[in-house]
Amino acid sequence: MSLRTRLVLAVLGLALLPLLLAGFLSDRSVESAFRKDLGTSFTRRAADSSDKVARSLQDAQHALETWASLGFMQEVLTDDLDGKISSFLIGISRKYTSFASLQVLKTTGECVSASDPRFIGEKAQDRELARALEGQLSLGDAHYSEQDSRWVVTFAAPIQLEGSVVGVLLGKWKADELSAITQVGSQGESVGVYVLRKDGLVLAGPDPAERYKRNVEAEGAESASRAVKGQQGFVEERLRGRPVLSGFSPFQAEGALASLGWAVLVTQDEAVAFAPIRKMRGWMGGIALALALVIVPLTVLLGRQITGPVIDISRAAQRVARGDFEARVTPRTNDEIGALAKAFNDMTTDLASQRAELVDKHYVDSILASMLDTLVVLDAKGMIKTVNRATTDLLFYEEGDLVGRPGHVLTGQTPEDAERLVATIREKRSYSAPDFSYHTKWGGTVPVSLSASVMRDDKGDVRGIVCIAKDITDLKRQQEELREAKEAAEQANRTKSQFLANMSHELRTPLNAIIGYSEMLYEEAQENGEVALTSDLRKIQSAGKHLLALINDILDLSKIEAGKMELYLEVVDIGALIEDTVVTIEPLVQKNGNVLDVSVGEGVGRMKADVTRLRQVLFNLLSNASKFTNKGHIGLSVKRETVEGREEMVFAVKDTGIGLTKEHISRLFQAFAQADATTTRKFGGTGLGLVISRRFCQIMGGDITVESEYGHGTTFTVRIPAEAAETKMMAASGAMARKLSGPRTAPTAAVTKTGTVLVIDDDATVQDLVARIVSKDGFDVVMASTGDEGLRLAKELKPSVITLDVMMPGMDGWSVLGRLKADAETAHIPVVMLTLVDDKNLGFALGAADYVTKPVDKTRLLAILRKYRTGGGPGSLLVVDDDPQVRGMMRRQLEKEGYTVAEAVNGREGLERLAENRPDLVLLDLMMPEMDGFEFVSEMRKTAAWRSIPVVVVTAMELGVEERRRLQGSVEAVLQKSAFSREELEQEIRALLTAH
Amino acid sequence: MKIPNRSAVLFALLVPLASASNAAIGLDVAIIVNTANPTTSISSRELEKILKQDKQNWEDGKKILLVLQETGTAEKEVVLNKVYKMQEAELKKFWLSKMFRGEIASFPKTLSSSGSVSQFVGKVPNAIGFVDASLVSGVKVVKVDGKLPGEAGYPLASK
């Protein structure tokens, strides 16, 4: 039950109920007192009435007796002739109206005188007469008198003379007088005063109609019966069915009257009798009700006043319990409850902030606990303050093991080192060690990537250090795996490249001979005019060339697909290019009886593109056109267009040949699929041409499109941006090559004609070829078949350029190169490495300045170093060698000489060291794990800052087959021995010569 | 008072005797009034009226106060015979009926002797009574029918 209800009920119970109870009880007692009072008063009244009646009767009796004794009464004897008695009686009866009649009787009973003349002469029958004649006053109880026609009480007083009764005075006292006496004051009162005869007959009563008729005792009134018995008192009884209160008193008189035995009854309807009480009760009830009506609302109000604030507080408390810490109570009153409200508010505020703190704390705790990375918080002194679960899990510790211990427990450092580290972190405010390690409880280590930062307090002082370390075991493993995979992939790639290189080399070598010799013979035959031979020789040559083309295509394609195709962009005059191309293609065109039409648009001018490739593309398209058109028309056109703000060169090759179906077109650019199988047989070709052409165009930022109608001809359109740029299809490592190849002038630029070219090659064919080629341009060619010979000649002649074959028996090209560079006299001569392998870069990337062999000759080494030292003073060196002994030895030797030495275990580290400190010179071992010397140099050369650092190669003299292969695979030539065209070679050489 | 009046009884016994003797002697009853009373003579008729209390007021309007003598006196006898012409009992009845009719309030006043009547009338101005003519003193005698007692033709002579 609510407080309010209790309060209300309590007040009602404690105040109202006792009130009511008291009221009730008092009412009861008042009622009984009242009853008693009233009863007593009734009794008294009855007694009073009775007394009055008695007195009246007694008065009447006395009067009568007195009259009887009057002198003239004796004249009854003389019949009252003079009427003295009559006069008297008449007069007296007027006065004493309470007597109905007065008579004087003779002893015979004859009436001689009466108050009423009619009576005179009559004989009285009254019984009382007899008694009176005996000389005693006689009383007759109330009865009906015929004579008087009313109820009377008869008095008979003897008239005496000298002791003897001579007559009787008979007085009839009106019984109605009783009513007159008793009913005084009772009118309108509803109190009934009754005079009862001995037998209960009502002699006097409020209702005249009832008098002399009603018998109260007969009605069973207890009061009556008791009263006539002589009792006095009051009683509650029922009279005529109504509850009444009756007071009764017996008639008390002396003498003759005593015999009457009358009673007086004072009775009142209880309803009326207790009306006052009832009224009072009503009043009391009304007051009580009024009180209640006032008290209850007041109580409720009071209750509300009290409980209102309490309820407010209680509700607010509930809200707080549900988590709403905003709940506040407005104090309504200035009393204890108001104080409670204030206290509540304070408490809630406190609670809210505590909760917030707790929530924060929980929040933070849950963050820490849910972190996957380890979190260690050190205090300002480096003692572990907090560790999260990740830490304890990872390192197999319990929280208690770590908290309070110094931080180096985790890192495995010495206290001094740890202190230093802490100081560093504090100074730097943050610290990151991607390759850190934590020590587990059991002494093991876990590789982690550590980030530490300083935690400051409000004042800005260092409060602690927060270290987050990520377990990188997996990462490392993944990295390892990646590296291995990469290695494997690279290895596979290298293998593949090598394979291709080998294969192409193997394939080219005989091809060289076929083509070369067939050409030689052809020329001779032509000179000799042997026509029959020429066509055969031509066939041989063309076959050889075709085969070569195939191999080149395959290699090209594989290079393109490996993403290793590089562009040599140069400015080229389109007009000239077209001319060239036309000249070249003319024979082929004419072969099928076709006519070639050339149109060069206006303002075509120059473009920047890879000339070789472009030429290849045009050649490819034109040859296709020629092949598939018979006695038709081939048109080659060029124009410059601006498309979307970009300038493009649009080459179109249009033929009136057999055309292509839609299906053909769709398969057109797929490798090895000529239009259909029959085409290959009929028209020859490798089927790679278009694919390669397209790739070339795409690499240059353009594309080839085709339109054709089967049976009516085909148009191939080549669009290339006027400023062709390498697209992302290519690895951007052409910088080196570009540098070396230098800005190319137009092919037909003038060239200095002086110069000797030393050709070092064991392959006579090559010798011949190169010789022929070069000599035609006015160079002197000197041959050397072996490395030694080459060296000797180089030293002797000091040629302008040396072409050097890599793969030679005895001393291979590499060694020769080394020697050349080693010898001060020949070191400056540019060397063109000739090889059968494609990738140009590596070859020149290897622009090794020098080389030393192992075991290193100290003197020699120092000499080299001195040679390459720039400026005065000792320099800094980088030694890259996987052999720690070599490194150590070199370091000792070189440091003695005043050099600063940095070490690297392999090429990768070497690059790191380069990044850290640019050395003046690099001592490089070739054969190293992870990254060998070649790669290193290649990487080195990519960075502009490092390109000029001289590299001294330190390698073992004896190269195993494996090493050789590797070397061969890694060393490239600018030009392929067999695939280059004469022009290209010339160009290359010219370029080198002009550059030097 | 219960003491019997001996004298009254005696007198009562004696009166009849006396009256008898008086009749034999010859008594004149004088009608007397108070000396102040202007009346000097009345007719016998008037006298009857007065005595019968039919006439109840003097000329001047004052009430006639009639005084009779008690039954048994000679004087009463004469009056009874001569005026009332009734016996005592009849006269009682007469008075009763008169009272019954409301003509008179009560029996007229009676006195026991001429002497007391004389004394009474002499003192009471409006009174009228009858006495033995020989015993008149201090009162006025009224002529009846013009005659005074003792005169011949006087109506109230006992003879």
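Everything below is about the structure printed above this text.
What counts and how
- Residues numbered from 1 in each chain as written.
- Chains lettered and ligands numbered in written order.
- Predicted model: local features only at pLDDT ≥ 70, side-chain atom pairs only at ≥ 80, totals over all residues.
- Heavy atoms only, no water.
- Axes fitted to C-alpha atoms, helices over the stretch in contact; angles between N-to-C directions.
- Helix = DSSP H or I, 4+ residues; strand = E, 2+ residues; numbered from the N terminus.
- Left-handed = near helix turned anticlockwise from the far one by under 90°.
- Contact = heavy atoms within 4.5 Å.
- Phe/Tyr/Trp six-rings, centres within 6.5 Å; stacked < 30°, edge-to-face > 60°.
- Buried < 20%, exposed > 50% of the residue type's maximum accessible area, 1.4 Å probe, protein only.
- Pairing = 2+ DSSP bridges.
- Buried area = accessible area lost by both parts, 1.4 Å probe.
- Salt bridge = Lys/Arg side-chain N within 4 Å of Asp/Glu carboxyl O.
- Nonpolar A, V, L, I, M, F, W, Y, C, P; charged D, E, K, R; others polar.

Caption draft 1: The arrangement of the packing of helix α15 (residues 574-591) of chain A against helix α16 (residues 611-628) of chain A in detail. All names here are of chain A. The N-to-C vectors of α15 and α16 enclose an angle of 30°; their axes lie 10 Å apart at closest approach. At the point where α15 passes α16, the crossing takes the right-handed sense. Each of Leu577, Ile578, Asp580, Thr581, Thr584, Ile585, Leu588 and Val589 in α15 lies in contact with α16, whose residues at this interface are Val611, Leu614, Arg615, Leu618, Phe619, Leu622, Ser623 and Ser626.

Caption draft 2: The packing of aromatic side chains, seen in detail. A full pass over the atoms with the stated rule returns 11 aromatic pairs over all chains. For the pair A:Phe251 and A:Trp262, a centre-to-centre distance of 5.3 Å together with 50° between the ring planes defines the contact as tilted. Here A:Trp262 lies in the loop between β9 (242-250) and β10 (263-269) and A:Phe251 lies in the loop between β9 and β10, a separation of 11 residues in the sequence. An identical accessibility class is assigned to A:Phe251 and A:Trp262; each is buried. Residues B:Tyr84 and B:Trp95 carry aromatic rings whose centres are separated by 6.1 Å and whose planes lie at 75° to one another, so their mutual orientation is edge-to-face. Taken together, the residues span a long stretch of sequence, with B:Tyr84 in helix α3 (residues 74-84) and B:Trp95 in helix α4 (residues 88-101) at a distance of 11 residues.

Caption draft 3: Structural context of the sheet that holds strand β1 (residues 99-106) of chain A. Residue and element names in this part refer to chain A. Spatially, five strands are ordered β2-β1-β5-β4-β3 in an open sheet, and the strand pairing comes out antiparallel. Two strands close off the open sheet at either side, each with one partner strand: β2 (111-114) and β3 (138-145). Adjacent strand axes in the sheet meet at a mean angle of 25° when their direction is disregarded. With three bridges joining them, β1 and β2 adopt antiparallel strand pairing. What sits directly across from Val104, in β2, is Ser113. Sitting on the sheet, helix α1 (residues 3-68) is in contact with β1, β4 (150-161) and β5 (164-174), with an inclination near 35° to β4. Sitting on the sheet, helix α2 (residues 84-95) touches β1, β2 and β5, and the angle it makes with β2 is about 40°.

Caption draft 4: Expanded view of the environment of A:Arg44. Summarising the element assignment, A:Arg44 is placed in helix α1. As for A:Arg44 and A:Val266, which are separated by 222 residues in sequence, their C-alpha atoms are 9.0 Å apart.

Caption draft 5: Molecular detail of the interface of chain A and chain B. Taken together, the 24 residues of chain A in the interface contact 22 residues of chain B. Summed over both sides, the interface of chain A with chain B buries roughly 1800 Å², with 57% coming from carbon and sulfur. It is A:Leu81, A:Asp82 and A:Glu162 in chain A that bury the most area against chain B; as a group they hold 33% of the surface buried on that side. At the surface where chain A touches chain B, the tally comes to two salt bridges. B:Glu70 is paired through a salt bridge with A:Lys84; the nearest N and O atoms lie 2.3 Å apart. Breaking the side of chain A that touches chain B down by element, the ones donating at least two residues are α2 and β4 of chain A. The element contributing the most residues to the side of chain A that touches chain B is α2(A), with five residues. Residues belonging to the side of chain A that touches chain B are distributed by class as follows: seven nonpolar, eight polar and nine charged.

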